[in-house]
Amino acid sequence: MSDSTPGGQIAAPPGGRLLAVAKRGAEHLLWGRVALQRRLEARTQGARPAPASVAPTGVLTDAATWRRATDEAKRLRLPLHRDLPKNWDALGAVAAVLDLVDDGSRSARVMDAGSARYSPVLPWLRLYGFGAAAGSLIGINLEFGSQVTRDGVVFRYGDVTDTGLPTGHLDAITCMSVIEHGVPLEGFVAESARLLRPGGVLVVSTDYDQDPPDTTGKVIYGSQVHIFSPDEIRDLVAMADRHGLELVGTIDDATLAHSERPVHWSRVDLDYTFILLTFRKR
């Protein structure tokens, strides 16, 4: 069954209905595993160490880097994303939440903007003990219809530029591989800054290349494929700063360089990489 919009219209899922069915199956398997694993670990495992291999801000420079992140996620008993390079930015996002906003109580309120119910950030945070309080872990997406809860995590319809949540309501926002799909950047950054309490963090990943390939005529999810350039990343960092979001780390020519294009998107036949940016609310 497909999701419906609040007005009752059925929205065609990105990638077609067969892909939507596969994603729904992956979603149920993932959250079933998370619930079972949490119960087992409560009895048999000690505290899970925080991820350490991915910096809060940086570029995925080569395939060896995402392989190290994937191996670390395995050691940490975290269910992997099937698209293995995406474990790199997910691990960095979870590490940033643990390191920059968690006080040890696992009570931080976190929103995954443009979320997918099968993507790893919210399940991983749940396995780290976040989400005990109702509504403290949420995922929003314009594709979602009726609100769905998975192991205490709420997924609901929502616009990343106009969420309707109270000002200062969140400790952290993650946004993984979303902004390249036609998201109005000014509106997204402004809304994120409004939602975060002082000291809260915004963690964003997106498609990136130091010399982006031509994407003319390549359309996915209703918009042309976009791969951010170094100048566009610098502009995004400057925009965030104007809204009171300070970059954690450094973006310079050296950090924006990469020796390989370790990400391949077969549906559009493009090679590129990812960039991870973490901001803190002043």
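Computed from a predicted model, the values in this text were never measured in an experiment.

*Asks:* Quick rundown of the overall build of the protein chain? Include the residues and the values.
*Replies:* Across its full length, the protein chain holds six helices and 12 strands. Radius of gyration (C-alpha) of the protein chain: 18 Å, near the 19 Å computed for a compact globule of 282 residues. Its C-alpha atoms give the protein chain principal-axis dimensions of roughly 50 × 40 × 40 Å. When each of the 282 residues of the protein chain is scored for burial, the buried share is 52%. By sequence separation, contacts in the protein chain at least 24 residues apart represent 73% of the contacts at least 6 residues apart. Here the protein chain displays about 12,700 Å² of accessible surface, and carbon together with sulfur accounts for 52% of that area. Each charge sign in the protein chain was given a centre, from 31 positive and 34 negative side chains, and these centres are 10 Å apart.

*Asks:* Explain the environment of His181 residue by residue, including any values.
*Replies:* Relative to the helices and strands, His181 resides in the loop between strand 6 (170-176) and helix 5 (185-195). Spatially, the C-alpha atom of His181 lies 33 Å from that of Arg38, the residues being 143 residues apart in sequence. Contacts of His181, omitting those with residues within four sequence positions, involve Tyr221, Ser223 and Trp265.

*Asks:* Outline the UniProt feature "domain: Methyltransferase type" (unreviewed entry) in the protein chain, supporting the account with residue identities and numerical values.
*Replies:* Per the UniProt entry, the sites bearing "domain: Methyltransferase type" (unreviewed entry) are residues 148-204 in this numbering. Strand forms 42% of residues 148-204 and helix 19%; the C-alpha atoms that close the span are 24 Å apart.

*Asks:* For unusual backbone geometry, give the residues involved together with the corresponding values.
*Replies:* Positive phi values are uncommon outside glycine, yet Arg77 reaches one of about 60°. In this structure, Arg77 sits in the loop between helix 2 (63-75) and helix 3 (86-100). Residue classification places Arg77 among the partly exposed residues on the basis of a relative accessible area of 25%. The phi dihedral of Asp151 falls on the positive side, at around 50°, and the residue is not glycine. Note on placement: Asp151 falls in the loop between strand 4 (148-150) and strand 5 (153-157).

*Asks:* Now, about the side chain of Asp171: what can you tell me, with residues and values included?
*Replies:* Within the secondary structure, Asp171 sits in strand 6. With a relative accessible area of 10%, Asp171 lands in the buried category. Separated by 2.7 Å, the side chain of Asp171 and the backbone nitrogen of Arg109 make a polar contact.

*Asks:* An account of the packing of helix 5 against helix 6 (residues 230-242) is needed here, citing residue identities and associated values.
*Replies:* Contact geometry for helix 5 and helix 6: axes closest at 9 Å, N-to-C directions at 40°. By the angle between their directions, the pair helix 5 and helix 6 is classed as oblique. Between helix 5 and helix 6 lies a crossing of right-handed hand. Note on element contacts: helix 6 touches helix 5 through Leu236, Met239, Ala240 and Arg242, opposite Leu185, Glu186 and Val189. For the contact of helix 5 with helix 6, the per-class residue count stands at five nonpolar, no polar and two charged.

*Asks:* Describe helix 6, naming the residues involved and giving the relevant values.
*Replies:* Since one α-helical turn is 3.6 residues long, residues separated by three or four positions face the same way. In this model helix 6 runs 19 Å from its N-terminal to its C-terminal C-alpha over 13 residues, within 8% of the 18 Å that 1.5 Å per residue would give. Listed in full, the buried residues belonging to helix 6 are Pro230, Ile233, Leu236, Val237, Met239 and Ala240. The inward-facing, buried residues of helix 6 contact helix 5, strand 7 (196-208), strand 10 (245-247) and strand 12 (270-281). Gly244 sits one or two residues past helix 6 and shows a positive phi near 85°.

About the thresholds
- Each residue is numbered by its place in its chain's sequence as written, counting from 1.
- For this predicted model, a pLDDT threshold of at least 70 governs which residues receive local features, and a threshold of 80 or more governs which side-chain atom pairs are given and counted, while totals over whole chains, interfaces and linings are taken from all residues.
- With hydrogens and water excluded, all non-hydrogen atoms of the structure serve as input to the side-chain values.
- Only DSSP runs of H or I with at least four residues qualify as helices, and only runs of E with at least two residues qualify as strands; both kinds are numbered from the N terminus onward.
- What the globule rule says is 2.2 Å times the number of residues to the power 0.38, and the radius of gyration is computed from C-alpha atoms.
- Accessibility here uses a 1.4 Å probe with only protein chains present; expressed as a share of the type maximum, an area under 20% marks a residue as buried, one over 50% as exposed, and anything in between as partly exposed.
- Note on contacts: a residue pair is in contact if any heavy atoms of the two residues lie within 4.5 Å.
- A 1.4 Å probe and the Shrake-Rupley method give the accessible areas. Residues count as covered only by the protein chains that appear here.
- The positive count covers Lys and Arg only, the negative count covers Asp and Glu only, and His and the chain ends enter neither.
- To locate a charge, take atom NZ for lysine, CZ for arginine, CG for aspartate or CD for glutamate.
- UniProt positions are given in the numbering used here, feature names are shortened, and annotations may be inferred rather than shown by experiment.
- Definition of a polar contact: a pair of N or O atoms within 3.5 Å, with one able to donate and the other able to accept a hydrogen when the atoms are protein atoms, and with sequence-neighbouring residues admitted only if both atoms are side-chain atoms.
- Lines are fitted to the C-alpha atoms to define the axes, a helix being fitted only along its stretch in contact, and any angle between axes, read from their N-to-C directions, falls within 0 to 180 degrees.
- Angles below 35 degrees are treated as roughly parallel, those above 145 as roughly antiparallel, those between 65 and 115 as roughly perpendicular, and all remaining angles as oblique.
- Each crossing gets its hand from how the near helix is turned against the far one by less than a right angle, where anticlockwise is left-handed and clockwise is right-handed.
- Any residue outside Ala, Val, Leu, Ile, Met, Phe, Trp, Tyr, Cys, Pro, Asp, Glu, Lys and Arg is labelled polar, Gly included; the first ten of those are nonpolar and the last four are charged.
- The span one expects for a helix is its residue count, reduced by one, times 1.5 Å.

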